[in-house]
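# Coordinates in review
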Amino acid sequence: LLSMLLMCELLTYGIERSAAGWGDWVVHLGCDAILNQRAVDAILFHCARESRLVALSPLSKPRARRVAQGAVLPGLTRTANSVEGGVPTMFAWVPAMAEVIRAGEAYGMLHLMYNRQRVVAPIPPCFLVVPNELERSVGFPMEHTPPGTEMTSFALRCAQAGVTFSWLDGGVHVPIVPGVFALFRDRVRDHAGNLFLMGEGSALEPRVQTLLAVLCVSSGFAKIAPILTAVSPLVIHMPGQAAFGLACVVGVTSALVHFMYALGFYMTSGARHLARGPAGYILYWILFALTLALVPLFSAFELVAMIVSIFQAPQLKSG
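Note on numbering: residues in each chain are counted from 1, in written sequence order. Reporting of local features is limited, given that this is a predicted model, to residues whose pLDDT is at least 70; pairs of side-chain atoms are given and counted only at 80 or more, and all residues count toward the totals for whole chains, interfaces and linings. Excluded from the side-chain calculations are hydrogens and water; all other atoms, namely the structure's heavy atoms, are used.

### Considering the pairing of strand β4 (residues 165-174)
Buried residues dominate β4, accounting for nine of its ten residues. For two strands to pair, DSSP has to find at least two bridges joining them. Runs of H or I in DSSP of at least four residues are treated as helices and runs of E of at least two as strands, each being numbered from the N terminus. Bridging between strand β2 (residues 67-74) and β4 involves seven bridges; their strand directions are parallel. Bridged to valine 67 within β4 is phenylalanine 165. Exposure is judged per residue with a 1.4 Å probe applied to protein chains only, and the accessible area is read against the type maximum: over 50% gives exposed, under 20% gives buried, and values in between give partly exposed.

Laid out in structure tokens, this is it:
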């Protein structure tokens, strides 16, 4: 509860004390995001385009400036403007590879969602570009915002008010979570916060809560597919068309989950940042293959975190 109040109070304090006025933009980068040239160019392009479109819109059909967000990438390798970064030890590669699913979700589901100018799912906690007048009007209510969901709650409340969204063609890097247990705690906190947003104490409308619940539940069931695919050689297969159809559904779902991890690894890491010369490419493909091989384990990790969050959510509500 203290962290929830502190973050919301800081955001509210920043809104009240800011000298920004109408026509200005607010860029939320979090406390540890690392900018790069492409991300800066994407922000400038979005701000210039939206301001220009608003200025050229006719009086009969006025246009409001859109909220935009880009991808948030785990810092597997050093970025161009970061002296420090990357994975510190070999043992830290396992949780680091598990985190690439966030980049895969960003360039998959979130990209598609923002292209349709809507928000119906949890979003990353940083790299959000917001018109200043919109942030002042929507705000960050402390009693309805669990820790870690400040940006998700803000975006969903904007969506239910009719605000449209845009996608930034760029991404920022964030440090990887150090250790498996720390990553598990973060996943439990994120899932518990999303469950809180679906409850009675949320500021969201029932329609928005229903869409959020459907997406979170379907994402949780999708994590079962790679686990079933991994253990399928060890079980007895039942004959029949129904069993064949079920196997096809599980196989396609498992392939999509593997594709999200592959996409996240490709967008997050680079061979030239791992090592110099051919050794970098060899290490890159070894880590890429290892990431795909460990997808059933990562899926079980995410599924357990989601189940544990069910018991953690009431503590947020009572706090």
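### Topic: the packing of helix α10 (residues 241-268) against helix α12 (residues 278-293)
Where helices are involved, their axes are fitted lines through C-alpha atoms of the stretch in contact, as for all axes, and angles between N-to-C directions lie from 0 to 180°. Across the interface, α10 lies against α12 with an axial gap of 9 Å and an inter-helix angle of 155 degrees. As the angle between them shows, α10 and α12 are arranged roughly antiparallel. Relative to α12, the crossing made by α10 is right-handed. Mapping the contact onto sequence places His258, Tyr261, Ala262, Phe265 and Tyr266 in α10 and Tyr284, Leu287, Phe288, Thr291 and Leu292 in α12. Split by residue class, the contact of α10 with α12 holds eight nonpolar, two polar and no charged. In these notes the angle categories are as follows: under 35 degrees is roughly parallel, over 145 is roughly antiparallel, 65 to 115 is roughly perpendicular, and the rest is oblique. Each crossing gets its hand from how the near helix is turned against the far one by less than a right angle, where anticlockwise is left-handed and clockwise is right-handed. A contact between two residues is defined here by any heavy atoms of the two lying within 4.5 Å. Under the scheme applied here, ten amino acids are nonpolar (Ala, Val, Leu, Ile, Met, Phe, Trp, Tyr, Cys and Pro), four are charged (Asp, Glu, Lys and Arg), and all others, including Gly, are polar.

### Looking at the packing of aromatic side chains
Any Phe, Tyr or Trp ring, taking Trp's six-membered ring, that has another such ring centre within 6.5 Å forms a pair; planes under 30 degrees apart are called stacked, those over 60 apart edge-to-face, and the others tilted. One pass over the full model with this rule turns up nine aromatic pairs. Each ring, one from phenylalanine 265 and one from tyrosine 284, has its centre 5.3 Å from the other, and the planes form 55 degrees; the classification is tilted. Of the two residues, phenylalanine 265 is situated in helix α10 and tyrosine 284 in helix α12; the sequence distance between them amounts to 19 residues. Taking the relative accessible area as the measure of exposure, phenylalanine 265 reaches 1% and is therefore buried. Taken together, a centroid distance of 5.5 Å and an interplanar angle of 90 degrees make the contact between tyrosine 284 and tryptophan 285 edge-to-face. The exposure class of tyrosine 284 is buried, given its relative accessible area of 9%. Taken together, the ring pairs connect Tyr107, Tyr114, Phe165 and Trp167 into an aromatic cluster. Geometrically, a charge over a ring is one whose NZ (Lys) or CZ (Arg) sits within 6 Å of the ring centre while staying within 35 degrees of the ring normal. Taking NZ or CZ as reference, arginine 65 lies 4.4 Å from the ring centre of tryptophan 25, over its face.

### Considerations on the side chain of arginine 187
Within the secondary structure layout, arginine 187 lies in helix α7 (residues 180-197). A distance of 3.2 Å separates a polar atom in the side chain of arginine 187 from a polar atom in the side chain of glutamate 302. Those residues in contact with arginine 187, other than ones at most four positions away along the chain, are Glu99, Arg102, Phe301, Glu302 and Ala305. Under this definition, polar contacts are N or O atom pairs within 3.5 Å; protein pairs additionally need one hydrogen-donor-capable and one acceptor-capable atom, and for neighbouring residues in sequence, both atoms have to be side-chain atoms.

### Topic: the sheet that holds β2
The four strands lie next to each other as β1-β3-β2-β4, forming an open sheet whose pairing is mixed. Lying at the two open borders of the sheet, with one neighbouring strand each, are β1 (25-28) and β4. When strand polarity is set aside, the average angle formed by the axes of neighbouring strands in this sheet is 20 degrees. In the sheet, β1 pairs with strand β3 (residues 128-131) via four bridges, with the strands oriented antiparallel. Pairing of tryptophan 25 across the sheet is with proline 131, part of β3. The sheet contacts of helix α2 (residues 37-56) involve β1, β2, β3 and β4, and relative to β4 the element is tilted by about 160 degrees.

### Some thoughts on the environment of proline 124
With respect to the helices and strands, the residue proline 124 is situated in the loop between α4 (100-115) and β3. In contact with proline 124, other than residues within four places in its own chain, are Gln69, Val72, Leu110 and Met151.

### Structural notes on α2
Between the first and last residue of a helix there are one fewer steps than residues, each counted as 1.5 Å, and that sum is the expected span. Its 20 residues place the ends of α2 28 Å apart at the C-alpha level, agreeing with the 28 Å of an ideal helix rising 1.5 Å per residue. Those residues of α2 that sit buried are Ala39, Ala42, Ile43, His46, Cys47, Glu50 and Val54. Each buried residue of α2 lies within a common arc of 125 degrees when the element is viewed along its axis, so the set occupies one face. Of the residues in α2, the exposed ones pointing more than 90 degrees away from the buried face are Gln37, Arg38, Leu44, Phe45, Ala48, Arg52, Ala55 and Leu56. Where α2 is buried, its residues contact β1, β2, β3 and β4. Taken from the helix axis, the directions to the C-beta atoms give the arc we talk about.

### Some remarks on the pattern of salt bridges
A side chain with one charge can pair with a side chain of the opposite charge if their charged atoms come near. For this analysis, a salt bridge means a side-chain nitrogen from Lys or Arg found within 4 Å of a carboxyl oxygen belonging to Asp or Glu. Throughout the structure, instances matching the rule amount to eight salt bridges. Salt-bridge contacts for arginine 65 lead to glutamate 133; the nearest nitrogen and oxygen are separated by 2.7 Å. Here arginine 65, found in the loop between α2 and β2, pairs with glutamate 133, found in helix α5 (residues 132-138); they are 68 residues apart in sequence, far enough to count as distant. The class for arginine 65 is buried, based on a relative accessible area of 8%. Salt-bridge contacts for glutamate 302 lead to arginine 187; the nearest nitrogen and oxygen are separated by 3.2 Å.

### Quick word on the packing of α4 against α10
Contact pair α4 / α10: the axes reach a minimum separation of 7 Å and the direction vectors enclose 95 degrees. The pairing of α4 with α10 is recorded here as roughly perpendicular in orientation. Of α10, the residues touching α4 (which contributes Val100, Ile101, Ala103, Gly104, Glu105, Tyr107 and Gly108) are Met260, Tyr261, Leu263, Gly264, Phe265, Met267 and Thr268. Class assignment for the residues of the contact of α4 with α10 results in nine nonpolar, four polar and one charged.

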